[in-house]
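Chain by chain, the residues run as shown.
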Amino acid sequence: MADRVTIVVLVSSEQLSWRRHIMQLPTIPHKLLFSLICGLSGHAAIAVAASAPLPAAISAAADATRSEIAQQAKALEPALLETRRDIHAHPELGNVEKRTGELVAAQLRALGLEVRTGVARTGVVAILKGGLPGPVVALRADMDALPVKEVSDLPFASHSKGRYLDKDVDVMHACGHDAHTAILLTTAKILSDMRARLPGTVVFYFQPAEEGPSDFVPDGKNTWGAKMMVQEGAMKAPKPEAVFGLHVWAGIPAGQIAYRAGPTLASSDDLRIRILGKQTHAGRPWDGIDPITVSAEALVGLQTVVSRRTDISSFPSVVSIGTINGGTRYNIIPESVDMTGTIRSYDYGIRQKLHANVRQTVEKIAESGGAKAEVTIIEKYDPTINDAGLTEKMGPTLRWAAQNDVTQSPLVGGAEDFSFFAKEAPGLFVFLGITPRGQDMAKAAPNHNPGFFVDESALVVGVRTMASLATDYLYAAAAPR
Ligand SMILES: [Zn+2]
Ligand SMILES: [Zn+2]
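These numbers come from a predicted model, not from an experiment. (Residues numbered from 1 in each chain as written. Chains lettered and ligands numbered in written order. Predicted model: local features only at pLDDT ≥ 70, side-chain atom pairs only at ≥ 80, totals over all residues. Heavy atoms only, no water.)

Scanning all chains against the criterion turns up nine aromatic pairs. Judged by centre distance (6.3 Å) and plane angle (70°), the ring pair of Phe-216 and Trp-224 falls under edge-to-face. We classify Trp-224 as buried; its relative accessible area is 8%. Their ring planes at 65° and their centres at 6.2 Å tell us that Phe-244 and Tyr-473 sit as a pair that is edge-to-face. Note that Phe-244 is positioned in strand β7 (residues 242-253) and Tyr-473 in helix α13 (residues 459-477), a separation of 229 residues in sequence. Each of the two residues, Phe-244 as well as Tyr-473, counts as buried. Within the aromatic cluster, the residues linked to one another by ring pairs are Tyr-205, Trp-249, Phe-418, Phe-421, Phe-429 and Phe-431. Here Lys-393 stacks its cationic end above the ring of Tyr-473, 4.5 Å away from the centre of that ring. (Phe/Tyr/Trp six-rings, centres within 6.5 Å; stacked < 30°, edge-to-face > 60°. Buried < 20%, exposed > 50% of the residue type's maximum accessible area, 1.4 Å probe, protein only. Helix = DSSP H or I, 4+ residues; strand = E, 2+ residues; numbered from the N terminus. Lys NZ or Arg CZ within 6 Å of the ring centre and 35° of its normal.)

Printed below as a string of structure tokens:
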């Protein structure tokens with residue numbers, strides 16, 4: 001029900017922007033103008049307009065731009081793949097994307113864009129001012145890789161090493177951020193070439209550390225990646241009125257786009273629990289307080305936080321414990337036990353209730369056993385929520401970019417710090433399939449896996465997507481000054 005209301009509001013605002021366009025088109029006779037405007041009034045017309053194309057003259061300009069995007073994306077494919085393979089062969093972990101950031105900045109400067117570097121440590125922001133007045137839109141890519149050893153015989157496979165939390169590790173672009181960076185650089189090139197007739201401004205965010213920092217453990221006070229870019233003012237001057245991002249995704253056919261309106265990816269919060277007991281000989285447990293037994297009870301109790309106390313009728317939630325550490329010897333009851341886990345949700349209100357219920361459950365269970373519990377919850381990533389109006393509005397663009405091969409995405413249990421950009425401006429984040437079409441989708445190595453593989457034929461679709469999201473938005477929204 002709420003969705004229906006949102007659609008009406010959206011189309012109404014689209015109508016307004018169409019009217020502004022129509023008024024600045026001298027070639028359209030006034031009679032036709034009148035009938036176009038009147039024809040779009042009223043609820044019946046709104047229902048039609050929701051799926052109808054733009055008025056003819058606007059549509060022609062948008063179509064011409066799309067054709068150019070399609071041609072250029074194809075023509076630039078060799079350079080796109082070369083850049084992607086170069087970045088793939090030289091992956092860098094979160095907050096140390098030095099080479100990648102320099103490569104990005106150099107390519108953007110060569111296009112004549114205004115480029116800022118060192119944003120949120122290694123991030124890059126570039127501004128492309130179009131030759132015509134219009135709004136500001138932002139496009140985002142992430143640049144960091146993961147501490148994963150690549151399993152592949154590709155000629156550009158990674159042999160890189162890095163430091164992850166003070167340990168030597170192998171490094172791989174196992175989440176496809178190399179593809180995102182190359183796609184957005186190619187998009188910047190295409191949009192730069194048409195800048196004279198671009199009605200508005202496009203801002204490019206190349207962010208570091210989407211997967212988290214490699215150089216420190218989050219403690220709830222320090223920031224990184226998208227959140228840090230926002231805190232540093234990256235979205236203030238210029239301030240975008242919409243922000244777009246995409247993620248290559250294993251298990252979706254190459255070139256297909258999957259997306260959904262509303263909550264899309266989960267919030268992700270770290271859970272750290274310490275159960276404090278009293279050390280004693282395991283043959284005389286009554287002389288101490290056993291944190292092992294208390295932690296087992298707490299672990300079972302945590303299972304009821306979602307299943308018994310959370311309203312799961314709208315969105316699911318997850319509370320998982322991933323590690324338990326306690327004790328040194330079979331016949332010694334230790335002083336304490338440490339557990340770590342994750343809390344995931346798709347709604348800000350549910351998230352806060354989960355936090356409160358997790359704390360209460362663990363603390364009271366510990367108290368019942370005579371122990372104490374220290375519960376620390378560190379909010380790391382907000383839920384990624386696609387703006388319903390923006391998602392509806394850009395649906396035709398996504399269908400064009402993917403040549404009608406679009407599908408609705410399920411909720412994704414992973415998290416994305418695109419969420420922080422989408423909190424500042426209406427956002428739309430879509431998934432681009434990169435698994436070869438002949439392959440069993442269910443057997444594709446998932447993102448973050450050592451066998452993660454990108455079918456490069458999808459990358460041109462990624463360029464079409466990012467470029468046309470920007471231009472279609474600008475063409476539909478530009479107003480004369
Ligand atoms: Zn990832
Ligand atoms: Zn990722």
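There is more to say after this.
The next subject is the coordination of the zinc ion (ligand 2). Looking at the metal site, the zinc ion (ligand 2) is ligated by Cys-175 (SG), His-177 (NE2) and His-247 (NE2), spaced 2.0 to 2.5 Å from it. The distance between the zinc ion (ligand 2) and the zinc ion (ligand 1) is 3.0 Å, with Cys-175 acting as a donor to both metals. You can see Cys-175 sitting in the loop between β5 (167-170) and α7 (177-193) and its partner His-247 sitting in strand β7, a full 72 residues away along the chain. The buried category is assigned to His-247, whose relative accessible area is 2%. (Donors = N, O, S within 2.8 Å, 3.2 Å for Na, K, Ca; no water.)

Now for unusual backbone geometry. Of note, the amide linkage connecting Ala-237 to Pro-238 takes the cis form, showing an omega dihedral of 0°. As for its placement among the helices and strands, Pro-238 is situated in the loop between α8 (225-231) and β7. Non-glycine residue Asp-166 carries a positive phi angle of around 70°. If you trace the backbone, Asp-166 turns up in the loop between β4 (161-164) and β5. On the basis of relative accessible area, Asp-166 is assigned to the exposed category, the value being 67%. Of note, the phi angle at Asn-404 is positive, near 70°, even though the residue is not glycine.

A few words on the pairing of strand β14 (residues 336-345). Sheet analysis places strand β10 (residues 267-276) next to β14, joined by ten bridges and oriented antiparallel. Within β14, the residue paired with Ile-273 across the bridge is Met-339. As defined by bridge partners, strand β12 (residues 318-326) adjoins β14 across eight bridges and the pair is classed as antiparallel. The partner of Ile-321 across the bridge, within β14, is Gly-341. (Pairing = 2+ DSSP bridges.)

Now for the nonpolar core. Ranked by internal contacts, the top residues of the largest apolar core, which has 70 residues, are Leu-108, Leu-191, Val-202, Phe-204, Phe-206 and Phe-244. Here the element with the most residues in this core is α13; it accounts for eleven residues. In contact with Phe-244, not counting residues within four places along its chain, are Val-137, Ala-138, Leu-139, Arg-140, Leu-390, Met-394, Phe-418, Leu-428, Met-466, Leu-469 and Tyr-473. Phe-216, Val-243, Ala-425 and Phe-429 belong to the second largest nonpolar core, which has 30 residues in total. (Core = buried A, V, L, I, M, F, W, Y, C linked by side-chain atoms within 4.5 Å. Contact = heavy atoms within 4.5 Å.)

Attention shifts here to helix α9 (residues 291-309). Taking 1.5 Å of rise per residue, 19 residues should cover 27 Å, and α9 covers 25 Å from first to last C-alpha, within 8% of that figure. Where the residues of α9 are buried, they touch β10, β12, β13 (332-333), β14 and α10 (348-368). (Expected span 1.5 Å × (residues − 1).)

Moving on, we get to the sheet that holds β14. In spatial order, the strands read β12-β14-β10-β15; together these four strands make up an open sheet with antiparallel pairing. Each edge of the open sheet carries a strand with a single partner, namely β12 and β15 (372-381). Between one strand axis and the next, the sheet turns through 20° on average, direction left out of account. With nine bridges connecting them, β10 and β15 associate as antiparallel partners. In the sheet register, Asp-270 faces β15, and the bridge partner there is Ile-378. (Axes fitted to C-alpha atoms, helices over the stretch in contact; angles between N-to-C directions.)

The next subject is the pairing of β7. The buried fraction of β7 amounts to ten of the twelve residues, a majority that puts the element mostly inside the structure. Here β7 pairs with strand β18 (residues 427-435) via eight bridges, running parallel. Looking across to β18, one finds that Gly-245 is bridged to Phe-429.

Turning to the environment of Val-124, a few remarks are in order. Turning to its location among the elements, Val-124 is positioned in strand β2 (residues 123-129). When its relative accessible area of 1% is taken as the criterion, Val-124 is described as buried. C-alpha of Val-124 to C-alpha of Tyr-205: the two residues are 81 residues apart in sequence and 6.2 Å apart in space. Look past the residues within four positions of Val-124 in its chain and what remains in contact with it is Gly-101, Val-104, Ala-105, Leu-108, Val-115, Arg-116, Thr-117, Phe-204, Tyr-205, Phe-206 and Met-229.

A separate point is the side chain of His-88. As for its position among the elements, His-88 is in helix α5 (residues 77-89). Under the relative-accessibility criterion, His-88 is labelled buried at 2%. At a separation of 3.0 Å, a polar atom in the side chain of His-88 contacts the side chain of Glu-150. Those residues in contact with His-88 that lie beyond four places of it in its chain are Glu-150, Phe-156, Ala-157, Ser-158, His-173 and Asp-178. (Polar contact = N/O pair within 3.5 Å; in protein donor to acceptor, adjacent residues only side chain to side chain.)

Turning our eyes to something else, we now look at the coordination of the zinc ion (ligand 1). Within the protein, Cys-175 (SG), Glu-211 (OE) and His-448 (NE2) serve as the donor atoms for the zinc ion (ligand 1), at 2.0 to 2.2 Å. Here the donor residues of the zinc ion (ligand 1) are spaced in sequence according to C-x35-E-x236-H. Look at Glu-211 and you get partly exposed, because its relative accessible area is 24%.

Moving on, we come to the packing of α5 against α7. Contact pair α5 / α7: the axes reach a minimum separation of 8 Å and the direction vectors enclose 145°. Crossing of α5 over α7 shows right-handed handedness. For the pair formed by α5 and α7, the contact residues are Leu-80, Thr-83, Arg-84, Ile-87 and His-88 on the first element and Asp-178, Ala-179, Thr-181, Ala-182, Ile-183, Leu-185 and Thr-186 on the second. Here the residues of the contact of α5 with α7 are counted per class, giving six nonpolar, four polar and two charged. (Left-handed = near helix turned anticlockwise from the far one by under 90°. Nonpolar A, V, L, I, M, F, W, Y, C, P; charged D, E, K, R; others polar.)

Fair warning: the whole summary comes from geometry, so function is off the table for now.
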